[in-house]
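Given next are the chains, with one letter for each unit.
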Amino acid sequence: MEIAKTYSPSATENKWYKYWMEKGYFRSVPDDREPYTIVIPPPNVTGVLHMGHMLNNTIQDVMIRRARLLGKNACWVPGTDHASIATEAKVVHMLREMGIKKSDLSREEFLKYAWQWKEKYGGIILEQLKKLGASCDWERTSFTMDDGYYRDVVNVFIDLYNKGFIYRGKRMVNWDPAAKTALSDEEVLFKETRSKLVYVKYIYEEGNGYLTVATVRPETIMGDVAVAVHPDDDRYKHLHGKNVIVPLVNRAVPVITDEAIDMEFGTGCLKVTPAHDIVDYEIGLRHNLPVIDTLNEDGTISKEGQVFVGLDRFVARKMAIKQLEEEGLIEKSEDYTHQVGHSERTNAVIEPRLSMQWYLKMKDISKPALDAVVNGEVNLIPSKFVNTYKHWMENVRDWCLSRQLWWGHRIPAWYNADGEFEVCATVDEAVVKFKSRNINVTAAELKQEEDVMDTWASSWLWPISVFDGFANPDNADIKYYYPTNDLVTAPEILFFWVARMIIAGYEYKGEKPFTNVYLTGIVRDKQGRKMSKSLGNSPDPLDLIEKYGADGVRMGMLLCSPAGNDLPFDESFCEQGRNFSNKIWNSFRLIQGWKVDYEAEQPETRKKAITWLENRIAEQLAVINDHFSKYRISDALMASYKLVWDDYCAWYLEAIKPEFINGESLPIDAATYNASCAFFEQLLTILHPFMPFITEELWHAVKERKEGDDIIITSWPKTDKYDKDLLAQFELCKSLISEIRNYRQQKNISPKQPLQLYIMEPAKNTVHPGDFNSIIKRLANISVLQYILEPPANCSAFLVDSLECFIPYGDTVDKDAERERLQKELEYAEGFLKSVMNKLGNEKFISNAKPEIIASETKKRIDAESKIDAIKSALSSL
RNA sequence: GGGAUCUUAACUCAGUUGGUUUAGAGUGUCACGUCGACAACGUGGAAGUCGUGGGUUCGAGUCCCACAGAUCCCACCA
C-alpha cells in the first residue's frame, strides 16, 4: 500500500468527527463511574469563533479527552449566551439595513426578529467548535434564554427580591445614549480625550462682579443648581451664602461650600449639576439641592434644559459656547486632556444619568464566594489571580441588574398606575399580591417592567441551570455532575462571570460550582493588541485549520500558552504543530513499510532498545501526569512532544530499524515489530487529548481493530516503575554518540566511515554505558568498541561526563587543534574546580550548609580532579 | 491617585522550600548533510552580566528594599 508522504488532515478530521458522533462517544449520562464535568463558557449566540475561543476550547477538550481516557465519565456541556447588548445591537443593525427603525416596532415584533436572527446565526459558533474537534455532549446544548433557563433566571430574581437582596433605587448610572441603556462600571472604558476647558463667568445676583467656573461640559449649565467652593478657600469666603446667576437660563443659585472641591483645579469653583455628574449628585444630596435633568435618554437636550431643546449634547455644547461668547461670559478656554468614559459596546461617550434601576446588594451574598477562594476550596490557576479576586470581592459594589433593552430576561415586576409594584412571576400573582395590600387592580391595569436583566444575571446560573438544578434540585444530573470539576475561561471575566457563579453556587446549592478555575491568557497580535473581531486583527480560525489541520492548530496554541500567560499569536506556532503531525505520520510510514520475519531471532541491540524505551516512557509518563495534575498543559504537551520526536523517532526507531540493502529493507523480527507497534499505540494515546484526529486515524491504520476499539475511548497508559540507573546509562550513551558525531563533523569525517572507540574501564559506582554498547556502535558507526585500562597512544581523547574515551587518529589529524580543544576543556574544568574549592574552603559554608550539600560538593571536587588528570594525561600523550 | 502581577537567549517559556558546575527547553538562526520514514527532515554549533541598583546570606535567577519598564484591576477633578 502506498502511503502519502505527508499527512493530509481535512478528510480525516471530518471522517472521525462524524464517526465519534455516530458512536455517541461524547454523550454522558450519570452512571457508576466518577464524573468529570466541564461547563463551557457560553460564547455569544451571534458570535463567530475567534482565537480566544480556540485556545479556551482546545484546553477544555484536552482535559475532557484525557478524563475520558482515564476512565471517568466525561461530560462537557456546550451552549450559548443570549448576550443581550451585543445581540440586540446586531439585530438593530440588521433592521436598519432593512429600513426598519427599532422605535417603529413593538416589543413583540422586535423580539420576533431577534429570535429569527438567533435561529439563523445562533448555531454557527457551535459548528465551528466541531471543526476544532470539541467533544461536547451536544445533546446537552443549552441556551441562556431556553424556556427552562428563562424560568430559572426569573425565579432567582424573585427569590433574591423576597430575601431582600434586590432593591430598586434612583442611582447615578453609566448611561449609553447610543444604546439607550445603563451599563455596569465594568462595561465602561476610560479613554484619554482632548476637550476644551472653558472658563465661564457667573454674575453675582447682587452687586457687581462675577466668579469664574471652569467646565468641560458647558451644555449642562442649564442643569446647574449651585456653585460650590472649598470652605477653606479664602478667595471665595465673601461669597458664602450669596447667589450667582446661571448663564443661559438666568437662574439664581447659591454658592455653597463642600470639602470635595479641589482648590487647585481651575478656579476652585465647581458648578453643581446633580443630574449629570456623580460627584455633583453626591454634593446635591449633602446640600439638599434639586435635580434638574436637562438630557433625554438619547443624549439630546430635554425640555427642562429650556434652551437648545432637542439638540444633541455635543451640538448643544458648541451652541452653548457660541452663545456664552456672544454674551461675553467666557473668560478664556484652554485645551484639556482627561479620561472620558466610553461604552464598551457602542463607543458612545457615557453620560452619568439618574435613573431608576434594579440593584443586587453584593456585600453579604458574596461573602462565601470570597472565603471559598481564599481558603482554597475553589482554586484559581494560576494562583496569582487570588489577590486580584480578593481585592475585588472585598470592595464589591452593588450590581446593577437592569438593562434598558428588549432582548433578554424581562424583569418580573408589575406596576399599577400609581407606580407601585409587586415582584412575582405572573400578572395574576401580582393581582393577588396587590389585593393583599388592599389595592384593587385588574390584570389588564398592571404593566410589566420594561427592562430586562443584565446578561450576567443569567449566565451566573449556568453551572446549575444546565443540569436543571433549580426546578428539580434532586434530579439525577445535578446530583451527579454538580459541583463540576474545572472551568476554563479568560481572566477578563473573572468578576463578571466567575465570581458571580461562585456566589450563585453557594447561594443556591450551598456548594461551589467548580473546583478549579483555569484562567487562560489573552490571545494578542504581534503588536500586543488583544485579538478581537472589532479590531479585525484575528486570523480566521477555520482558515488556520484548513491550512495546518485542527491538530496542528490545537498543538500550536497550546505549546506557547501556560495558564495565565498572554499569547502573542503567530502562525509559526501552528506550523510547528503541523510539522509534528507530519513527523508522527512518517514514523508510522516507517513501521508500516516493514516486512515481518516471524522466524527470525530478536537481536540484542533491539532488546536493549526496547528495554530502554519501556523505562523511558514510564519515566516520562509520570512527568506528563504530574504536569496535568498541576494544570501545566503546555509542559505536558512539550514532554509528550519530546517523547515522541526525540525518544521514539530519533533514538528508538533509529536504533532498531532494519538495514537497507540493495534497494530493499531487510525484514524485522516479529518481537521487535510488535513492540514497536505497541509503543506507537501507547504514544498515540498520550497524544490523543492534544491531537485527536491524527491519533485516531493512525490508531486504526497501525492494525485491524474490532468494532468499538477506538482511541478516543481506550485507556490512558498505566504508570509503571522504571529503572533510573538504566536511564542514566542511556543518557550517557546519547551524550557519547553526540560527542562522536561532533568529532566527525569537526574532523570532517564522513558518518559512513567507521571509527574505533576505546573507553577507559569506568570506576565502580560511576555511570557507564552499561549494556548499550551495540547501540553506540550502530548509531555512531563504531566498528570496534573496547574497554581498556591504560590510555592508548595516538588517540584523540575526550570526556563524556567522567567517561574517558579515545579515538585513534585518522590520517589527517591536526595536533594543534586537538591541543587547543583539550586546553579549553581543561580551563573549564579548572574553573569549575576552583568554584567548588572556594565553597569547600569556606569555614562558614562547612558549618552552615546541609550535610548532603557538602557531600555533593565533595563529590564534585573528586570528579573534577579526576577529570583534570584525564585531560592532562591526554594532553601529554599528544 | 490606590492595588496586583510580571521583567531569564532573537521569539515563546521552564527554573519547585535559596545549594549540580560558568543558568535550561522548544522555535528561530548558522554550518554541514539528500544517509531510501520524514528537507514539513537529519547531525552539529553559536547564542543570556536572569530589567537596573542596593541589601540579607557561607551561597541569590530564587528572599528583602528602591528605581525603571510592561500588563491588568480599582477609583477618578469639574
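Fair warning: this is a prediction, and the values are worked out from it, not measured in the lab. (Residues numbered from 1 in each chain as written. Chains lettered and ligands numbered in written order. Predicted model: local features only at pLDDT ≥ 70, side-chain atom pairs only at ≥ 80, totals over all residues. Heavy atoms only, no water.)

## Re unusual backbone geometry
Peptide bonds are, in most cases, trans, and in most cases residues other than glycine have a negative phi.
Piece 1. In this structure, Pro382 follows Ile381 across a cis peptide bond, with omega equal to 0°.
Piece 2. Its location among the elements puts Pro382 in the loop between β15 (379-381) and α10 (385-394).
Piece 3. Across the junction of Tyr482 and Pro483, the peptide omega takes the value -5°, indicating a cis bond.
Piece 4. The residue Pro483 is located in the loop between α14 (476-481) and β22 (484-489) in this model.
Piece 5. In this model, Phe308 sits at a positive phi of 55°, which is unusual for a non-glycine residue.
Piece 6. For Phe308, the position within the fold is in the loop between α7 (278-286) and α8 (313-326). (Helix = DSSP H or I, 4+ residues; strand = E, 2+ residues; numbered from the N terminus.)

## Comments concerning the side chain of Gln620
Piece 1. Secondary-structure assignment places Gln620 in helix α18 (residues 604-629).
Piece 2. Among residues more than four places away in sequence, those in contact with Gln620 are Ala639, Leu643 and Asp647. (Contact = heavy atoms within 4.5 Å.)

## Focus on the protein's contact with RNA strand B
Piece 1. Near RNA strand B you find 59 residues, and of these Asp262, Phe265, Tyr336, Gln576 and Phe832 are the closest.
Piece 2. Within 4 Å of the protein, the contacting atoms of RNA strand B are drawn from sugar and phosphate to the extent of 61%.
Piece 3. At a separation of 2.8 Å, a sugar or linking oxygen of RNA strand B approaches a polar side-chain atom of Lys642.
Piece 4. Here a phosphate oxygen of RNA strand B sits 2.9 Å away from a polar atom, N or O, in the side chain of Ser738.
Piece 5. Secondary structure elements with two or more residues in the surface near RNA strand B: β13 (330-343), α10, α17 (571-592), α19 (633-656), α22 (724-747), α24 (815-840), α25 (843-848) and α26 (851-876).
Piece 6. Among the residues making up the surface near RNA strand B, the classes are represented as 22 nonpolar, 17 polar and 20 charged. (Near = heavy atom within 4 Å. Polar contact = N/O pair within 3.5 Å; in protein donor to acceptor, adjacent residues only side chain to side chain. Nonpolar A, V, L, I, M, F, W, Y, C, P; charged D, E, K, R; others polar.)

## Remarks on the packing of α19 against helix α20 (residues 670-687)
Piece 1. Two numbers describe how α19 lies on α20: the axes approach to 11 Å, and their chain directions differ by 170°. With respect to α20, the axis of α19 lies roughly antiparallel. Note on element contacts: α20 touches α19 through Thr672, Ala675, Ser676, Phe679, Phe680, Leu683, Ile686 and Leu687, opposite Ser640, Leu643, Val644, Tyr648, Tyr652 and Ile656.
Piece 2. When its residues are assigned to classes, the contact of α19 with α20 shows 11 nonpolar, 3 polar and no charged. (Axes fitted to C-alpha atoms, helices over the stretch in contact; angles between N-to-C directions. Parallel < 35°, antiparallel > 145°, perpendicular 65-115°, else oblique.)

## Looking at the sheet that holds strand β16 (residues 399-400)
Piece 1. The 4 strands are arranged β6-β5-β14-β16 in an open sheet whose pairing can be described as antiparallel. Both outer strands of the open sheet, β6 (181-183) and β16, are each paired with one neighbouring strand and no more.
Piece 2. Alignment of strand β5 (residues 166-176) against strand β14 (residues 351-360), held across 10 bridges, turns out to be antiparallel. Paired with Gly169 across the two strands is Gln357, which belongs to β14. (Pairing = 2+ DSSP bridges.)

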